[in-house]
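Secondary and tertiary structure notes
Here's the letter readout for the chains.
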Amino acid sequence: MLSSGVLDPQATSVVNDEITFGVDGLIRYELFGHELWITTTHISLLIVMVVIIAFAVVANRFIKKADPYKVPGKFLNAIEYLVETFDNLTKANMGEKHGLKFSNYIGTLFIFILLANISGLFGLRSPTADYGVTLALALVTFVLIHYNGFKYQKSAHITNLFKPILLTPINIIGEIATPISMSLRLFGNVLSGTVMLGLVYGLLPKAILLLVPAPLHGYFDVFSGAIQTYVFCMLTMVFISNTFEEA
Amino acid sequence: MISNEAFVLGCSAIGAGLAMIAGIGPGIGQGIAAGHGAAAVGRNPGARGNIMSTMLLGQAVAETTGLYGFAVAIILLFANPLIGKL
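Treat the numbers as computed from the prediction; the structure is a model and nothing was measured.

Parameters at a glance
- Residues numbered from 1 in each chain as written.
- Chains lettered and ligands numbered in written order.
- Predicted model: local features only at pLDDT ≥ 70, side-chain atom pairs only at ≥ 80, totals over all residues.
- Heavy atoms only, no water.
- 1 Å grid on protein atoms, 1.4 Å probe; cavity = no way out; pocket = protein on both sides within 12 Å on 5 of 7 lines; lining within 4 Å.
- Points joined across faces, edges and corners; volume = space filled by probe spheres on them.
- Helix = DSSP H or I, 4+ residues; strand = E, 2+ residues; numbered from the N terminus.
- Nonpolar A, V, L, I, M, F, W, Y, C, P; charged D, E, K, R; others polar.
- Phe/Tyr/Trp six-rings, centres within 6.5 Å; stacked < 30°, edge-to-face > 60°.
- Buried < 20%, exposed > 50% of the residue type's maximum accessible area, 1.4 Å probe, protein only.
- Contact = heavy atoms within 4.5 Å.
- Polar contact = N/O pair within 3.5 Å; in protein donor to acceptor, adjacent residues only side chain to side chain.
- Lys, Arg positive; Asp, Glu negative; His and termini not counted.
- Salt bridge = Lys/Arg side-chain N within 4 Å of Asp/Glu carboxyl O.
- Axes fitted to C-alpha atoms, helices over the stretch in contact; angles between N-to-C directions.
- Parallel < 35°, antiparallel > 145°, perpendicular 65-115°, else oblique.

**What about empty space enclosed by the protein?**
Residue and element names in this part refer to chain A.
- Tallied over the full model, the rule gives 1 cavity of 30 Å³ or more.
- Looking at the largest cavity, its volume works out to about 40 Å³.
- As for the largest cavity, its lining consists of Met 182, Arg 185, Leu 186, Gln 228, Val 231, Phe 232 and Leu 235.
- Elements supplying a minimum of two residues to the lining of the largest cavity: α7 (168-203) and α8 (213-242).
- The greatest single-element share of the lining of the largest cavity, amounting to 4 residues, is contributed by α8.
- Of the residues belonging to the lining of the largest cavity, the class tally is 5 nonpolar, 1 polar and 1 charged.

In C-alpha cells form, the structure reads like this:
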C-alpha cells in the first residue's frame, strides 16, 4: 500500500471488496529475479504524462507559428499568462537574480503535481497517493538544494552543519528530514483524500452516490490538491533560495 | 479464546485510533495560524496576498506531524507489519 508494491493478501482480507483505494497490481513481470508489478500508479502516471506532453507539443506549435507583430490569440495568450505567472512566482520568492533560472523546474513541478492530484477527479487513482512518486519528487528537490548549496556557499555548506558543535546531530537529522517530511506531506494529504473517497464510494448505497461525492471531490481533489501543489512548490523555492546567501 | 491474529488485528485497530489523536495538534496550530492571519489582514488589508501565502505555508508545515500520525494509522490498518511476526 505504501510502497509501489501490491497489497498482500493478508491485508486485502481486512477490507470489503467494494472499497478500493489501494495500489492494485495489473501485470506481473520478473526482472533480475525480483517479482515486480505494473500498478495502477504507472497507468495514471502514463496518462498524466501523455496529457502534459500533448499540451506541450501543441503549445510549441502555436508559439513557433506565432507572428510577433500581431495580437496573440486566445490560446497563445493563455500560454503566455502561464509562463509569466511562473516567472513572477519564482522571481518573487527566490529573488530577481536567481529566480528565472528555476522557473522551468518550478513550472514543471507545479503542472505535474497539479494534474496528478486532480486526476482523482477523472476516475484515476492519483499517482501522488503512492509514496514512490512523492519520494522521487522530494529527492530531486533534495539534490537541487545541495547542488546549489555547494555552488553558492562552497565548503561552508558542510561546515555550517557543525556551527554550534553541540547541535551537530540535530543539524544532520534536519537535513535528512527535509525530503522525508516534504514527500510525506504531499503523500499524506492526497492519500487521505483517496481513502475518504474510497470509503464513501464503498459504504454508501448506490442511489445517494449521485449527489454526495461531488462536493467531496471538490474539496479533496481540487482544493486540497491545489493547496498541496502550491505548498510543495513554495517549500522547494524556500529551501533552494536559503542556499543563495553568502556564508 | 481469542486467536493470535484476531488479538493482533484488534490491538492494531486500537493503535490506529490512538495514532490519530495526533490530529489534535495540527488542528490547534492551523487554527492559531488562521486566526493571526485574519488579524493581520484586518490590520493591513493591502498585504492580503502575502499574508495568505505565508499562512498557507505555515499551516502546511504545521500539518506534518498530523500526517505522520495518519501514516502510522494507515500502516497499522492496511499494511500491518505485526501480523507477519506471528
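**Here's the deal with the packing of aromatic side chains**
- This structure, assessed with the given rule, holds 8 aromatic pairs over all chains.
- A network of ring pairs unites the aromatic residues Phe55(A), Phe62(A) and Phe75(A) as a single cluster.

**Looking at the environment of Leu57(B)**
- Assignment of secondary structure puts Leu57(B) in helix α3 (residues 48-62).
- We classify Leu57(B) as buried; its relative accessible area is 18%.
- Ignoring anything within four residues of it in the chain, the contact list for Leu57(B) reads Val231(A), Met234(A), Leu235(A) and Val238(A).

**Some words on the side chain of Thr64(B)**
- Mapped onto the secondary structure, Thr64(B) falls in helix α4 (residues 64-78).
- In terms of polar contacts, Thr64(B) uses its side chain to reach the backbone carbonyl oxygen of Val61(B), at 2.8 Å.
- Contacts of Thr64(B), omitting those with residues within four sequence positions, involve Ser181(A) and Arg185(A).

**Brief notes about the layout of surface pockets**
- Here the largest pocket is characterised by a volume of approximately 580 Å³.
- Considering the residues around the largest pocket, the lining is formed by 21 residues, among which Asn189(A), Tyr219(A), Ser224(A), Gln30(B) and Glu63(B) are closest to the centre.
- Elements that contribute at least two residues to the lining of the largest pocket include exactly α7 and α8 of chain A together with α2 (24-43), α3 and α4 of chain B.
- For the lining of the largest pocket, the leading source of residues is α8(A), giving 6 residues.
- For the lining of the largest pocket, a count of residues per class yields 11 nonpolar, 9 polar and 1 charged.

**Comments concerning the side chain of Asp221(A)**
All names here are of chain A.
- Mapped onto the fold, Asp 221 is located in helix α8.
- No salt bridge is formed by the buried Asp 221, whose closest oppositely charged neighbour, Arg 125, lies at an N-O distance of 11 Å.
- Side-chain polar atoms of Asp 221 contact the side chain of His 217, separated by 2.6 Å.
- When neighbours within four sequence positions are excluded, Asp 221 is seen to be in contact with Asn 117, Ile 118, Gly 120, Leu 121, Leu 197, Leu 216 and Ala 226.

**Things to note about the environment of Gly58(B)**
All names here are of chain B.
- Checked against the element boundaries, Gly 58 lands in helix α3.
- The class for Gly 58 is partly exposed, based on a relative accessible area of 35%.
- Separated by 25 residues in the primary sequence, Gly 58 and Ala 33 place their C-alpha atoms 7.2 Å from one another.

**Focus on the interface of chain A and chain B**
- Listed per partner, the contact involves 22 residues of chain A and 15 residues of chain B.
- Taken together, the links from chain A to chain B amount to 0 salt bridges.
- Where chain A meets chain B, there are 2 residue pairs in polar contact (both at pLDDT 80 or more).
- Going through the elements one at a time, α1 (9-12), α7 and α8 of chain A are the ones with two or more residues in the side of chain A that touches chain B.

**Considerations on the packing of α8(A) against α3(B)**
- Across the interface, α8(A) lies against α3(B) with an axial gap of 10 Å and an inter-helix angle of 95 degrees. Considered as vectors, α8(A) and α3(B) are oriented roughly perpendicular to each other. Residues Ile227(A), Tyr230(A), Val231(A), Met234(A), Leu235(A) and Val238(A) of α8(A) touch α3(B), and the partners they reach there are Ser53(B), Leu56(B), Leu57(B), Ala60(B) and Val61(B).
- Class assignment for the residues of the contact of α8(A) with α3(B) results in 10 nonpolar, 1 polar and no charged.

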